[in-house]
Amino acid sequence: MKSKLFFIMLLSLAFLILSVATYASDYTKGPDSEKLKVILSDFETYAKTGMTDWQVPGMAIVIVKGDEIIYKKTFGIKEEGKTDPVTEETLFQIGSTSKAFTAALVAMMVDEGKVKWNDKVINYLPDFRMYDPWVTREFTITDLMAQRSGMPSYAADPLPFFGYDREYIIHNIRNIKPVGSFRSDFAYQNNLWLVAAKLVEKLSGKSWEENIEERIFNPLGMNNSSTDIKSYIEGKNVALIHTKKNGKVTALPMDWPFIHWTYIYGPAGGINSDITDMAKWLTMQLNNGTFQSKSIISKENMVFMHSPKTVTPPVVNEPFQYYCQGWVYRENTPCDIVWHNGGTSGFKTMIAIVPEAKIGIVVLSNLAGTELPEALAYRFFDMYFEKPARDWSGEYLAGEKKQEVPETLPVVPKNPSPPIELKNYTGTYSNDIYGEITVSQKDKGLIITIGPEKINLFLKHWDRDIFIFSIPGDTSESFVTFQTDYTSKVTGLIIDMLNNNGYGVFKRVKK
């Protein structure tokens, strides 16, 4: 009796395993051609509705299955208020999806035996320093791209806005005090990707830009993609930067004074591309590093880059996620998703793949801050794997509106106290992150000059030792507070806009 029962249980288990295997085979194949047509038609309708809801001027989408493009479509316009349409060759900034390109270059160095993932960074870059000497000694190549450094999130990210170059930013990492334990907490960084690029440059003897061109763009035939500001601002077919404030979408001009920052942070987010070229990058990702029968990166290192390294903080109504190496691993049924988004001052990008099913999507858009690209990727995968319909776009939009606070300009005090003589505020101020800045007097006002680009911030008096300025091309405003001692002698200043983690506090060093 027992042996018969055991046989029945064994038979049931075998049937269950066979059923799961059969199901797995079915869902990785995807829907048949007729069902796929319906899915893509419904998806396109959803995308168009989402564009209207989010007020996205222009967008481009490509979906690849294996090595075949199954959907490719452009929507909308390059510039708000004009009629020039987005085409398949329209350039977008792809933001932090560029990180995966830098990780790919490192993987190539590993493939060539020039470095190992767990090698110490200082063995190759002896000048590399973190704030903590022990962390400096232990920091590995993998740590550079796993977002677990212990530094505060987006540490000192305004530096490139003012023209500080890559070498300056890398050097200043040593001045950034940790707020968490090394390898314990997720904290998103851009600066460490410059170190990863410098490693590639040291090992290859060529610049990051040259490596991207020769090792990725050329082999994949990404002929319209680029890594420099000139290709973007002088391009003939380019989507413009757009921002939204108080419900109004505005295009920023090509001479916007902060447009260069994306390219200083190039290895972290400075690639320009179009939907045609991104389809080729997507194809390589889906085929374990192979493109048109040519191996670009080994399968082993593709898997390594796509594999979890750091747990990210949980989000309500979202699955668990983990940072990899320029990618994010998202738990999902029936197959997990590997993705990364990218945002610049006026663009938002999403690339997402399901390696198990060899299906992937890229969404490019020319509006900063929108979550539509992410929503479209998740919506498509739900439809493709025949999951219950979930309105990701509607949910994200509702969440944004719930947290949205109308941006109103501060109210000027009715009876402000007068400042001390303006000449008493002038002089040179300094801190470890931004170095020296100057305050000078012009006419009846003050000017702060900051960074290699000599960006001028024009101060208007607010109340006593408090002044206010606005960023060129933006309507947001920020306060500057001068610090004084008991004799009213000015000893320092605080720039609110830069003051995350105390980086906006400057000490007066010269009058």
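Look up a bit, the structure's there.
Read on for an overview of the structure. (Residues numbered from 1 in each chain as written. Predicted model: local features only at pLDDT ≥ 70, side-chain atom pairs only at ≥ 80, totals over all residues. Heavy atoms only, no water.)

When helices and strands are tallied, the protein shows 15 helices and 22 strands. Computed over C-alpha atoms, the radius of gyration of the protein comes to 26 Å, within 12% of the 24 Å expected from 2.2 N^0.38 for 511 residues, which places it in the range of a compact globule. Expressed as lengths along the three principal axes of its C-alpha atoms, the size of the protein is roughly 95 × 55 × 55 Å. In the protein, which comprises 511 residues, the share counted as buried stands at 51%. As displayed, the protein has an accessible area near 23,600 Å², and 54% of this comes from carbon and sulfur atoms. (Helix = DSSP H or I, 4+ residues; strand = E, 2+ residues; numbered from the N terminus. Rg over C-alpha atoms; globule rule 2.2 N^0.38 Å. Buried < 20%, exposed > 50% of the residue type's maximum accessible area, 1.4 Å probe, protein only. Areas by Shrake-Rupley, 256 points an atom, 1.4 Å probe, with all protein chains shown as cover.)

Glancing now at the packing of aromatic side chains. Counting across every chain of the model gives 31 aromatic pairs. Each ring, one from Phe380 and one from Phe381, has its centre 5.7 Å from the other, and the planes form 55 degrees; the classification is tilted. Take Phe380 and Phe381: they sit in the same class, and that class is buried. Here a set of aromatic residues connected by ring pairs shows up, and it is made of Phe43, Tyr71, Phe380, Phe381, Tyr384 and Phe385. When the ring centre of Trp392 is taken as reference, the NZ or CZ atom of Arg390 above it lies at 3.7 Å. (Phe/Tyr/Trp six-rings, centres within 6.5 Å; stacked < 30°, edge-to-face > 60°. Lys NZ or Arg CZ within 6 Å of the ring centre and 35° of its normal.)

So, about the side chain of Thr310. Mapping Thr310 onto the fold places it in strand S9 (residues 310-311). Polar contacts involving the side chain of Thr310 include one to the main-chain carbonyl oxygen of Ala146, which spans 2.7 Å. Every residue in contact with Thr310, bar those within four places of it in the chain, is listed here: Ala146, Gln147, Arg148, Asp185, Phe186, Gln321, Tyr322 and Tyr323. (Polar contact = N/O pair within 3.5 Å; in protein donor to acceptor, adjacent residues only side chain to side chain. Contact = heavy atoms within 4.5 Å.)

This part covers the environment of Arg508. Tracing the chain through its elements places Arg508 in strand S22 (residues 505-510). For Arg508, a relative accessible area of 15% translates into the label buried. It is 7.6 Å that separates the C-alpha atoms of Arg508 and Val490, two residues lying 18 residues apart in sequence. The contact partners of Arg508, leaving out residues within four places of it in the chain, are Asn424, Tyr425, Thr426, Thr428, Tyr429, Val490, Thr491 and Gly492. At 2.5 Å, the side chain of Arg508 forms a polar contact with the backbone oxygen of Thr426.

Another point: helix H7 (residues 191-204). Because an α-helix packs 3.6 residues into every turn, residues spaced three or four apart end up facing the same way. With 14 residues, H7 extends 21 Å from end C-alpha to end C-alpha; this agrees with the ideal 20 Å at 1.5 Å per step. Where H7 terminates, the next one or two residues include Gly205, which has phi positive at roughly 75 degrees. (Expected span 1.5 Å × (residues − 1).)

Using the criterion set out here, one finds 20 salt bridges in the structure. Here Lys348 ties to Glu374 by a salt bridge, and the two come within 2.7 Å at their closest N and O atoms. Here Lys348, found in strand S13 (residues 348-354), pairs with Glu374, found in helix H14 (residues 372-384); they are 26 residues apart in sequence, far enough to count as distant. Summarising the burial analysis for this pair, Lys348 and Glu374 share the class buried. In this structure, the salt-bridge partner of Glu477 is Lys460, at a minimum N-O distance of 3.7 Å. One end of the pair, Glu477, is in strand S20 (residues 477-484); the other, Lys460, is in strand S18 (residues 455-463), with 17 residues separating them in the sequence. (Salt bridge = Lys/Arg side-chain N within 4 Å of Asp/Glu carboxyl O.)

Turning next to the environment of Met350. Along the polypeptide, Met350 turns up in strand S13. Residue classification places Met350 among the buried positions, given a relative accessible area of 0%. Excluding its chain neighbours within four sequence positions, the residues that come into contact with Met350 are Trp339, His340, Asn341, Ile361, Val362, Val363, Pro373, Glu374, Ala377 and Tyr378.

A few words now on the nonpolar core. In terms of nonpolar packing, the biggest core is built from 157 residues, with Ile61, Ile216, Trp281 and Phe482 touching the most fellow members. The residues contacting Phe482, other than those within four sequence positions of it, are Tyr425, Tyr429, Val439, Leu446, Leu459, Asp465, Phe467, Val490, Gly492 and Leu493. (Core = buried A, V, L, I, M, F, W, Y, C linked by side-chain atoms within 4.5 Å.)

All right, on to helix H12 (residues 275-286) then. Taking 1.5 Å per residue, twelve residues should reach 16 Å; H12 reaches 16 Å between its end C-alpha atoms and fits that length. Judged by how many residues are buried, H12 sits mostly within the fold: ten of twelve residues are covered. Every buried residue of H12 is accounted for by Ile275, Asp277, Met278, Ala279, Trp281, Leu282, Thr283, Met284, Gln285 and Leu286. By the N-cap criterion, in which a side-chain oxygen at the helix start approaches the backbone nitrogen of a residue two or three places on, H12 is capped by Asp274, the distance to Thr276 being 3.1 Å.

Take the packing of helix H3 (residues 99-111) against helix H8 (residues 208-220) next. Orientation of H3 relative to H8, taken along the N-to-C sense of each, is 80 degrees, at an axis distance of 10 Å. Classed by the angle they form, the pair H3 and H8 counts as roughly perpendicular. Across the interface between the two elements, Phe101, Thr102, Ala104, Leu105, Met108 and Met109 from H3 touch Trp208, Asn211, Ile212, Arg215, Ile216 and Phe217 from H8. Tallied by class, residues from the contact of H3 with H8 come to nine nonpolar, two polar and one charged. (Axes fitted to C-alpha atoms, helices over the stretch in contact; angles between N-to-C directions. Parallel < 35°, antiparallel > 145°, perpendicular 65-115°, else oblique. Nonpolar A, V, L, I, M, F, W, Y, C, P; charged D, E, K, R; others polar.)

Turning our eyes to something else, we now look at the sheet that holds strand S15 (residues 427-431). Taken together, eight strands build a closed barrel; the order of strands is S15-S16-S17-S18-S19-S20-S21-S22 and the barrel is antiparallel. Going across the sheet, the axis of each strand differs from the next one's by a mean of 35 degrees, ignoring polarity. Direction of pairing for S18 relative to strand S19 (residues 466-470): antiparallel, over a ladder of three bridges. Residue Lys460 lies in a different strand from S19, and its bridge partner there is Ile468. (Pairing = 2+ DSSP bridges.)

To continue, consider the pairing of strand S2 (residues 68-76). As paired elements, strand S1 (residues 58-65) and S2 share eight bridges and run antiparallel to each other. Across the sheet, residue Val62 finds its bridge partner in S2, namely Lys72. Hairpin connection between S1 and S2: a loop of two residues separates the two successive antiparallel strands, and Gly66 in this loop has a positive phi of roughly 65 degrees.

Our focus in this paragraph is the sheet that holds S1. Pairing is antiparallel across the open sheet formed by eight strands, whose spatial order is S2-S1-S14-S13-S12-S11-S10-S9. At either end of the open sheet lies a strand with only one pairing partner, and these are S2 and S9. Relative to strand S11 (residues 328-330), strand S10 (residues 321-323) is paired through three bridges, and the arrangement is antiparallel. Residue pairing across strands places Gln321 opposite Arg330, the latter belonging to S11.

Residue Pro334 is bonded to the preceding Thr333 through a cis peptide linkage, with omega at 0 degrees. Within the secondary structure, Pro334 sits in the loop between S11 and strand S12 (337-343). In the Ramachandran plot, Gln292 falls in the positive-phi region, its phi being about 50 degrees despite a non-glycine side chain. With respect to the element layout, Gln292 can be found in the loop between strand S7 (290-291) and strand S8 (294-295). On the basis of relative accessible area, Gln292 is assigned to the exposed category, the value being 69%.

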